[in-house]
Every structure is written in C-alpha cells, then in structure tokens.
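The primary structure of each chain is shown beneath.
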Amino acid sequence: MKKELSFNIPASNLPRLVIIGGGFAGIELVKHLKKSDFQIVLLDRHNYHTFQPLLYQVATAGLEPDSIAGPLRKLFKRQKNVFFRMASVDQVDHDRKEIHTSIGELRYDYIVFAHGTVTNYFGNDKLKENSFPLKQIPQALDLRSNILQNLEKAVLVNDLNQRQALMNFVIVGGGPTGVEVAGALGELKLHVLPRDFPELDLRSMQIHLVEGTDRLLGGMSEQAGEKAKKYLGKFEVQVWLKKMVKEYDGIEVKFDSGEQILTKNLIWAAGVTGNVLAGIPESSLGKGNRLIVDDYSNVKGLKNAYAIGDIAIMQTKDFPEGHPQQAPVAIQQAKNLATNLSKIQRGKTPKRFKYNDRGSMATVGRNRAVVDLKFWKFQGAFAWLVWMFVHLMSIYSVRNRFVTLMNWMWNYFTYDRGARLIIRPFVPNKNKDEKSAELEKL
C-alpha cells in the first residue's frame, strides 16, 4: 500500500481501470469513457501522444516533432475521473490485481493493455545495434541527425567508398512506412540537398528499398503496390524484391543472395512484435507475441483484462490472422470496448467487435499516393490530397493540424524542408547502446 501512495491518486469507491499505453487505442478509450463510473489511470513512459503515421516526416526533416505530438494531460484536462502518470510498466500480477512500475505498485479492478508493439529484428542483434527503427519521436530525431551528419561528413572525406557509404540509404521493409520513407528521401535528393550541398554530386546518392516478398505494400492491392514502385522509380529509388538482409555491421549490408551495399544509413521498417510484459502467461500470447483476445477484447485466460490496438490479435472469419496493425483498428476497438465497459457496469450484455474497414493508403511524395477504398482504388494527385486530408484530420490537436498544414504548404510551394536541424547530434555508441533498450519499452 505504501508504494501505491507514490502514485498520489485519491481514494475512490469507483472501480479502478488502469490503461497501459497512450497511443491511439489508449487515448480513444479514455475519451469515450468520459461519463463512465470508473477511476481511470492512464500510464505511459512519455507524457505525450505521438501521431505515428507522420514520424517519417520528422525523420526526413519535413516536420518538427511537436507538430505530431501532444501532451497527454492536455487531452484529458477536463476529465476529472482521469489520472495520468508517466511511468514504465515492468510486470503484471493478475492474482493480486497489481502492476509493478518504475514509480511503484498500483492495484486495479480492470486493466487494458494498449501499449502497442516494438521493432522486430527477428533475433538479429547486429541489426538491432546498427540500424534505425522508426517507432518513436526520439528514434525519428536520431535518424534525422544521422542523415544530416553523414551528409556533412561526406563533404569532408576524399575516399570514394567512405563517401558512398555516407550518402547511400537502405530502407528495409516495403510496407507503408518503408515506401513513405523512401519517397521522402527521394524528394530530398532531387529538390533539397542539391542546394544545401553543392559540393556533393547527389547523382551518386543511392536509395534502396528492400522487401522480402514479391511486391510492395503487401497489405494493399497489387495495383497499389505496382503504382508505388513506379512512383519510387521517378525518385531514382532502387526497389529490391524477394531479398532478405542477412548481415549489417554498420558499414556494409549483406543480402541472403550475396549482394552487398555500402551504407551508414540502414532504416529498419521490416516488422514489429508484441511488447510483452512480465507476468503475462504464455498461453495468452499468439502470433507475433500479441495478446490473444476474443470478439469482446477479453485477453485469453485473464479475468477483467482487455487488449486493444496493435498488441491485440483478434482472429475472426474475415481476419483469420488478426486485424491489421493500423490506427483505425485501434480506434474502433477502443470505442467498442468503452461501450462494453459501460454496459458491464450496468449489468448489460456487451457487443462483439466488428471492424469497419474504410481502406488503406500510402504516399510516395508530392502529388503521388495510392488509396485503396472498399469499392474504389485510385492513385495520383487526387489520392495524395485524400491522404493529406485524412492524416491532417486524424491529428488530435487543432494547433498541430494548423502547424502541419502550414509546413506542408511551405514545402509544396518552395520545395524546401525547414527542419534540417541537427539539434542533438547522434553519437552511435551513446545514443544507440544507452537509449535503445529504454526506447523499446512502454
């Protein structure tokens, strides 16, 4: 009990609902429990929510981080039943209904796991050590600094191999993140860097996108994948299909087929795995270390425990491998769970979750995007406008929407990226070795 006092949460007769994770699922759940009879405790190791779909723009100097992040406390400042605490969760004790965190222990009546996933390196520690993931704002800032620092170094070196390694980029993973990063780097190469670095022959800068399957954008239509590949070709991005990265020592990428590429810039967007907390029984874990849930988001084998968003795997007839790990799924699951928790309190029957798939989209630079809707698939400039509108309206803060829109307009009319700043220099040993483990936690 003494440790629980460290949370400084007032005593209440209301049942306590602990929500782990301030991502799309977590904050949407809190919003829709505004009038509920719960004492809600939201935990996250950061004090802000990140709009992850635009992280790649922070990494490629298109946006500053405060454009896509907002303070969690600001989101819920009018909800008197919500208490936010900045903490990392280490363990869950379901027998005692207690969680162990970096600031102490806290009991709960109900618990919701909404803490998402971490980067999956498929057991390759060398890749984890030397590549750049793109899941959080600190990682995006590290990547931005590394890109700009390496270009500055390239101006100074005379050895051709060293310069090539500094100027080459390899993106692993042909999903939306990989495609969007490759497109953004392509725009930098063609429109921005030639003016910033007249000393460099940017024609020798190589951008490689590596995908292990036979096409890009595997979660979208084949038409979208082919169009994305065509668009990337206009940015001089070399697409490698059916290739797997075998080794990377920080200088040279080696493929399973034997090819090698010199680069000091390996961006890892090849997959994610569940962020498993200690105390979760193995029987509750499914494919990709995700928590197995039923149609009501109940975690298998646990009472009064729920999981929503990327960490949850709900296998249905329409989605035998689980729903896609995307923001719309997380948001819809959160809304459904909020309704069900309120129903449970009133002794009513909860309702099953039914995903309303509104489609998928990805952008490959200005005037180039691919959109797959339920009954309509289209590409090009109109798709790009749709992509911008959807992403802009999905940002939670009105202020952030305005700042992002202004940045986009400036970039569009000036072919400029205003965030080309090395605010905190990236030092591999210090930044990667000391921070990576912490960044991959909740």
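Our subject is the structure listed above.
Residues numbered from 1 in each chain as written. Predicted model: local features only at pLDDT ≥ 70, side-chain atom pairs only at ≥ 80, totals over all residues. Heavy atoms only, no water.

Engineer: In this structure, what is going on with the pattern of salt bridges? I would like to understand it.
Structural biologist: For side chains of opposite charge, pairing can occur when their charged atoms come near one another. Within the structure shown, the criterion is met by 16 salt bridges. In this structure, lysine 189 engages glutamate 236 in a salt bridge whose closest nitrogen and oxygen atoms are separated by 2.8 Å. One end of the pair, lysine 189, is in helix α7 (residues 176-196); the other, glutamate 236, is in the loop between α8 (222-234) and β13 (237-241), and 47 residues separate them in sequence. For lysine 189, a relative accessible area of 5% corresponds to the buried category. (Salt bridge = Lys/Arg side-chain N within 4 Å of Asp/Glu carboxyl O. Helix = DSSP H or I, 4+ residues; strand = E, 2+ residues; numbered from the N terminus. Buried < 20%, exposed > 50% of the residue type's maximum accessible area, 1.4 Å probe, protein only.)

Engineer: Would you mind going over the packing of aromatic side chains with me for this structure?
Structural biologist: Each pair of aromatic rings is reported with the distance of its centres and the angle of its planes. Scanning the model with the defined rule gives 13 aromatic pairs in all. Judged by centre distance (5.1 Å) and plane angle (55°), the rings of phenylalanine 132 and phenylalanine 426 are tilted. In this pair, phenylalanine 132 sits in the loop between α4 (125-130) and α5 (137-156) while phenylalanine 426 sits in the loop between α11 (398-414) and α12 (428-439), placing the two residues 294 residues apart along the sequence. Taking relative accessible area as the criterion, phenylalanine 426 reaches 5% and is therefore assigned buried. Site record: aromatic cluster; members linked through ring pairs are Phe24, Phe51 and Tyr396. Directly above the ring of tyrosine 415 sits arginine 366, whose terminal nitrogen or CZ lies 3.8 Å from the centroid. The lysine or arginine in question, arginine 368, covers the ring of phenylalanine 235, its NZ or CZ lying 5.0 Å from the ring centre. (Phe/Tyr/Trp six-rings, centres within 6.5 Å; stacked < 30°, edge-to-face > 60°. Lys NZ or Arg CZ within 6 Å of the ring centre and 35° of its normal.)

Engineer: Explain the pairing of strand β23 (residues 369-372) to me, please; I cannot follow it from the model alone.
Structural biologist: Two faces make up the sheet, and in a regular strand the side chains alternate between them. Residues of β23 alternate between two faces, with Ala369 and Val371 on one and Val370 and Asp372 on the opposite face, all of them buried. Note that strand β22 (residues 360-363) and β23 share four bridges and pair antiparallel. Each bridged residue has a counterpart across the sheet, and for methionine 361 the counterpart in β23 is valine 371. (Pairing = 2+ DSSP bridges.)

Engineer: It is not clear to me how the packing of helix α1 (residues 24-31) against helix α9 (residues 327-345) should be interpreted in this structure. Could you clarify?
Structural biologist: The N-to-C vectors of α1 and α9 enclose an angle of 35°; their axes lie 8 Å apart at closest approach. The handedness of the crossing between α1 and α9 is right-handed. Taking contact as the criterion, the partners of Phe24, Ala25, Glu28 and Leu29 in α1 are, on α9, Ala327, Ala330, Ile331, Ala334, Lys335, Leu337, Ala338 and Leu341. Its residues assigned to classes, the contact of α1 with α9 comprises 10 nonpolar, no polar and two charged. (Axes fitted to C-alpha atoms, helices over the stretch in contact; angles between N-to-C directions. Left-handed = near helix turned anticlockwise from the far one by under 90°. Contact = heavy atoms within 4.5 Å. Nonpolar A, V, L, I, M, F, W, Y, C, P; charged D, E, K, R; others polar.)

Engineer: What is the right way to read the sheet that holds strand β8 (residues 104-107) from this model?
Structural biologist: By definition, the strands of a sheet pair up through backbone hydrogen bonds, in either a parallel or an antiparallel sense. Ordered in space as β6-β7-β8, the three strands form an open sheet in which the pairing is antiparallel. Looking at which strands have only one partner, the edges of the open sheet turn out to be β6 (89-93) and β8. Adjacent strand axes in the sheet meet at a mean angle of 20°, parallel and antiparallel pairs treated alike. Pairing analysis gives four bridges linking strand β7 (residues 98-101) to β8, with the strands arranged antiparallel. Bridge pairing in β8 links glutamate 98 to arginine 107.

Engineer: Would you take a moment to explain the nonpolar core for this structure?
Structural biologist: Buried together is how nonpolar side chains tend to be arranged in soluble globular proteins. Core analysis: the biggest nonpolar cluster contains 88 residues, and Leu17, Leu29, Leu54, Leu185, Leu217, Leu232 and Leu341 have the highest contact counts within it. A total of eight residues in this core trace back to one element, the largest contributor, which is α7. In this structure, Val18, Leu106, Tyr108 and Ala312 belong to the second largest nonpolar core, which totals 29 residues. (Core = buried A, V, L, I, M, F, W, Y, C linked by side-chain atoms within 4.5 Å.)

Engineer: What is the right way to read the pairing of β6 from this model?
Structural biologist: Pairing of β6 with β7, which is carried by four bridges, proceeds in the antiparallel orientation. Paired with glutamine 91 across the bridge in β7 is histidine 100. Counting the residues that bridge the hairpin from β6 to β7 gives four residues, and of these lysine 97 lies at a positive phi of roughly 50°.

Engineer: How should the side chain of glutamine 139 be read in this particular structure?
Structural biologist: Turning to its location among the elements, glutamine 139 is positioned in helix α5. Residue class for glutamine 139 comes out buried when judged on its relative accessible area of 5%. One polar contact links the side chain of glutamine 139 to the main-chain amide nitrogen of lysine 135, over a distance of 2.8 Å. (Polar contact = N/O pair within 3.5 Å; in protein donor to acceptor, adjacent residues only side chain to side chain.)

Keep in mind that these numbers describe shape and distance, not what the molecule does.
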